[in-house]
Amino acid sequence: MRFFTVKEANEIIKELKPLLRPVVEAARRWDSLTPEEMEEMERQADWLLRAAAENGFIIRDFVNGIVDFPARTKDGDLVFLCWKIDEPEVMFYHGPEGFRGRRRITPDLFPE
């Protein structure tokens with residue numbers, strides 16, 4: 001399993017955001033899409049999921065645009081750096097409890 005630093009996750013987000021945004025917007029209005037639009041969005045979503053898996057991060061939710069990056073704290077705990085598409089950068093993390101357990105990242109928590 002690959003572990004990300006906050007800096008690495010933020011670098012990926014810069015490239016990911018413009019690719020993810022159209023899929024998130026389509027997912028949010030799924031019921032109003034034409035069958036052709038649905039098919040295209042499914043192709044794009046599948047491509048994004050494969051790219052995420054190949055690069056070691058996880059797209060958790062297309063409607064809310066939630067992406068997790070596995071990381072280790074300075075103490076060695078396994079956590080996920082958690083980014084939501086409307087956030088400017090990774091600002092939160094959570095443990096195995098998932099999104100509901102998000103906590104703000106503090107400068108002393110993660111290695112550079």
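Structure: see above.
Given the structure is predicted, the values throughout are model-derived calculations rather than measurements.

Participant: Can you walk me through the packing of aromatic side chains in this structure?
Facilitator: The way to describe two aromatic rings as a pair is by their centre distance and the angle between their planes. Across all of its chains, the model carries three aromatic pairs by this definition. Here the aromatic rings of F4 and F69 are separated by 5.2 Å at their centres, their planes lie at 75°, and the arrangement is edge-to-face. Of this pair, F4 sits in the segment before α1 (6–28) while F69 sits in strand β2 (residues 66–72), placing them 65 residues apart in sequence. You can call F4 buried: its relative accessible area is 4%. In this structure F69 comes out as buried when scored by relative accessible area, which is 0%. Judged by centre distance (5.6 Å) and plane angle (80°), the ring pair of Y93 and F110 falls under edge-to-face.

Participant: In this structure, what is going on with the pairing of strand β3 (residues 78–84)? I would like to understand it.
Facilitator: Looking along a regular strand, one sees side chains alternate from face to face of the sheet. Buried residues dominate β3, accounting for five of its seven residues. Hairpin connection from β2 to β3: five residues lie between these consecutive antiparallel strands, with G76 at a positive phi of about 90°.

Participant: Please clarify how the sheet that holds β2 should be interpreted in this entry.
Facilitator: By definition, the strands of a sheet pair up through backbone hydrogen bonds, in either a parallel or an antiparallel sense. Judged by pairing direction, the sheet is antiparallel, and its five strands sit side by side in the order β1-β2-β3-β4-β5 without closing on themselves. Every interior strand has two partners, whereas the edge strands, β1 (58–61) and β5 (103–104), have only one. Across three bridges, β1 lies against β2 in antiparallel orientation. Its bridge partner being in β2, D61 is matched across the sheet by I66. Packed on one face of the sheet, α1 meets β2 and β3 and runs near 35° to β3.

Participant: Sorry, what's going on with helix α2 (residues 35–55) here?
Facilitator: Side chains three or four residues apart in an α-helix point the same way, a direct result of the helix having 3.6 residues per turn. Between its first and last C-alpha atoms α2 spans 30 Å; for 21 residues at 1.5 Å apiece the expected length is 30 Å, and the two agree. Residues of α2 that are buried: M41, A45, L48, A51 and A52. Summarising the axial view, the buried residues of α2 lie within an arc of 125°, below the 170-degree limit, and thus occupy one face. Residues P35, E36, A53 and E54 are exposed on α2 and point more than 90 degrees away from its buried face. On its buried side, α2 packs onto α1 and β1.

Calculation rules
- Residues numbered from 1 in each chain as written.
- Predicted model: local features only at pLDDT ≥ 70, side-chain atom pairs only at ≥ 80, totals over all residues.
- Heavy atoms only, no water.
- Phe/Tyr/Trp six-rings, centres within 6.5 Å; stacked < 30°, edge-to-face > 60°.
- Helix = DSSP H or I, 4+ residues; strand = E, 2+ residues; numbered from the N terminus.
- Buried < 20%, exposed > 50% of the residue type's maximum accessible area, 1.4 Å probe, protein only.
- Pairing = 2+ DSSP bridges.
- Contact = heavy atoms within 4.5 Å.
- Axes fitted to C-alpha atoms, helices over the stretch in contact; angles between N-to-C directions.
- Expected span 1.5 Å × (residues − 1).
- Arc of directions from axis to C-beta.

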